[in-house]
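# Structural overview for review
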Amino acid sequence: MLKVKNLEVYYGVIAAVRGIDFEVKEGEIISLIGSNGAGKTSTLQALLNSIKRKGEVVFGGYDTKNHKTHTLVQKGLALVPEGRRVFINLSVEENLRMGAFNNDENYEHLKDEMYKLFPRIGEKKSQMAGTLSGGEQQMLAIARALMSEPKLLMLDEPSLGLAPKIVGEVFETITRLRDEGITILLVEQNAYAALSISDRAYVLENGEIAISGDAKDLIGDDSIREKYLGG
Amino acid sequence: MDILTFMQQMVNGISLGSMYALIAIGYTLVYGVLRLINFAHGDIMMVGAFTAYFAHASGVPFGLAVILAIFAAMVTGILTDKIAYKPLRDAPKISLLITAIGISFFLENLFNVLFGGVPRAFSAPDYMTKILHFKGMYIPVTVIIIPTVTLILLFIMLWILNKTKYGMAIRSLAFDIPTVKLMGINADFIIMLVFAMGSGLAAVGGIFYAVSYPSIDPLMGVIVGLKAFAAAVLGGIGSVTGAVIGGFILGFTEIVVVAFMPELGGYKDAFAFVFLILVLLFKPTGIMGQDLERSRF
């Protein structure tokens, strides 16, 4: 579904991503893990052409070069950005409407689906999104991304700043979405949680892929455990 | 001061306030999405007034001339954005501001060269210039037409902003442009809509101004534009309702000062700027304004 070849991102002369290759197949949950500054967020932004990049990104057989962010989103690539970034000055329902900006005909139906999937935000649909708790905002950000009916859903640090119990809920939701047929690309610092739900994973270090493989193997690997999973 | 004179002045204040309000909305909308004081906005109003003048003078019915003027102002606004502002989206805000001043000078001087600086008498059709006699008051029909049209346009604007997905996108854009793009929304298209709406309203304001005074010249947008800008700041820049409230306060103040303290009449243009300075000193966010800088990601 997504094939990335020799992806490079530079901020001025500083390399954030140094020629990485990876692949996401339909129906998989793939995680991109690594410490702060490893190039995870830059990679996601580069996939959507939000920042300048070099290399080849093919999404569903479609070369994404020279396409603007909004066209790629219309093609079925959705990103739940780091820090959630819900529109705090819009109501919960209006946030969902924004997610379905190009999906008028399915908006009503999808909205009800989202309220079923996330009952807590359904109870607060006319509240300003800025008044929601961190966990609710994360749910809303995911729901908003789903409103475009993406083929590939990318999540940037969905566990950031959330209580452990809520992190568990978020990851359960991600698994459920995969079971419903959405392919997932997950970027996380919380490597253990990410690996526990992923099929495969890539470990980023200083803008390069240090290790990759089946999530099961990585989680059992002692050196990985020491370096990324906190012993 | 009898009640009749008072009523008469109120009516005049509403009418002048409406004009400021229509123009102030454009400032506030553009500021909301781009954090830009669009100094060319008053001149876009002038482009609208000139278009209506030439269209009407060449025999086009007044109603159609108004539509042409709105259209011309929209095109000018959109082109200004596409040619001058869009290449500077990632540049420091001060570059954008200087460019806006440049566009303002350009439009003023372009019209000066093309049509000369001598004011032209703006002839509106009789139904716009009639004066009604009502219980001892002399009421020009314009003072009824202007606030009515303004209110209708305001309600349409508020409906678009609050109820349509395009309005929601405009409000989202005011807070977080990168995330708006993540919704699959073409942010440049939404910004274009903002310029089109603001410029169209300015054209209507410009025509009202031209009908009321009744003359136009290439520099007509300078002082009216600055006053409408002051109104937008007074009401809280970024807020449409605020712009309208600011416009009305300014219109009333001017009329009331001239009517009740005629000796201060010569200073009437100064009041807008006194307001501007006071607002910036004591309540920089204005009456309805939010602290946009802080709430922006």
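Moving on, we get to the overall build of chain B. Helices and strands together make up the secondary structure of chain B, namely 13 helices and 4 strands. Its C-alpha atoms give chain B a radius of gyration of 19 Å, within 12% of the compact-globule value 19 Å for 297 residues. Considered along the principal axes of its C-alpha atoms, chain B spans approximately 60 × 45 × 35 Å. Here chain B holds 297 residues, and 47% of them are scored as buried. Sequence separation of at least 24 residues holds for 76% of the intrachain contacts in chain B that already meet a minimum separation of 6.

The next subject is the domain arrangement of chain A. Residue and element names in this part refer to chain A. Each assigned domain of chain A is listed here: domain 1 (1–76 + 152–231) and domain 2 (83–149). Measuring from the centre of the C-alpha atoms in domain 1 to the corresponding centre in domain 2 gives 23 Å. Counting residues at the interface gives 10 residues for domain 1, matched by 8 residues for domain 2. Elements represented by at least two residues in the side of domain 1 that touches domain 2 include exactly helix 2 (69–74) and helix 7 (164–179).

The subject of this paragraph is the pairing of strand 2 (residues 14–24) of chain A. Residues and elements named next belong to chain A. Of the strand pairs in this sheet, strand 1 (residues 2–11) and strand 2 are connected by 8 bridges, and their pairing is antiparallel. Bridging from a neighbouring strand, Tyr11 pairs with Ile14 of strand 2. Here strand 1 hands over to strand 2 after 2 residues, with Gly12 in that stretch at a positive phi of 65°.

It is worth spelling out the domain arrangement of chain B at this point. Residues and elements named next belong to chain B. Domain assignment breaks chain B into domain 1 (27–218) and domain 2 (222–297). Between the C-alpha centres of domain 1 and domain 2 there is a distance of 18 Å. Taken together, the contact between domain 1 and domain 2 spans 18 residues of the former and 18 residues of the latter. Those elements that provide at least two residues to the side of domain 1 that touches domain 2 are helix 1 (3–34), helix 2 (41–57) and helix 6 (142–163). Considering every element that reaches the side of domain 1 that touches domain 2, the biggest residue donor is helix 1, with 5 residues. Partitioned by chemical class, the residues of the side of domain 1 that touches domain 2 number 12 nonpolar, 4 polar and 2 charged.

Once that is clear, we can look at the interface of chain A and chain B. With 19 residues of chain A at the interface, the matching set in chain B holds 16 residues. Put simply, the parts of the chain that give the side of chain A that touches chain B at least two residues each are helix 2 and helix 3 (92–99) of chain A. Along the lines of polarity and charge, the residues of the side of chain A that touches chain B split into 8 nonpolar, 8 polar and 3 charged.

Bringing the packing of helix 2 of chain B against helix 4 (residues 93–115) of chain B into the picture now. Residues and elements named next belong to chain B. Following both chains from N to C, one finds helix 2 and helix 4 inclined at 25°, their axes separated by 9 Å at the closest point. Taken together, helix 2 and helix 4 sit at an angle that is classed as roughly parallel. Contacts from Asp43, Met46, Val47 and Phe50 of helix 2 reach helix 4 at Ser104, Leu107, Glu108, Phe111 and Phe115. Residue classes in the contact of helix 2 with helix 4 are distributed as 6 nonpolar, 1 polar and 2 charged.

The subject of this paragraph is the sheet that holds strand 8 (residues 183–188) of chain A. The strands that make up a sheet pair up through hydrogen bonds in the backbone, lying either parallel or antiparallel. Residues and elements named next belong to chain A. In spatial order, the strands read 6-7-8-3-9-10; together these 6 strands make up an open sheet with mixed pairing. For this open sheet the edge positions go to strand 6 (77–80) and strand 10 (208–214), each flanked by a neighbour on one side alone. Neighbouring strand axes in the sheet, compared pairwise and without regard to direction, differ in orientation by 15° on average. Pairing of strand 7 (residues 152–156) with strand 8 involves 5 bridges; the strand directions are parallel. When the sheet's bridge partners are listed, Leu155 is paired in strand 8 with Leu186. Those strands touched by helix 7 are strand 3 (29–33), strand 7 and strand 8, and its axis lies near 155° from that of strand 8.

Calculation criteria
Residues numbered from 1 in each chain as written. Chains lettered and ligands numbered in written order. Predicted model: local features only at pLDDT ≥ 70, side-chain atom pairs only at ≥ 80, totals over all residues. Helix = DSSP H or I, 4+ residues; strand = E, 2+ residues; numbered from the N terminus. Rg over C-alpha atoms; globule rule 2.2 N^0.38 Å. Buried ≥ 20, exposed ≤ 12 C-beta atoms within 10 Å, placed from the backbone. Contact = placed C-beta atoms within 7 Å. Domains from an automatic or database assignment. Pairing = 2+ DSSP bridges. Nonpolar A, V, L, I, M, F, W, Y, C, P; charged D, E, K, R; others polar. Axes fitted to C-alpha atoms, helices over the stretch in contact; angles between N-to-C directions. Parallel < 35°, antiparallel > 145°, perpendicular 65-115°, else oblique.

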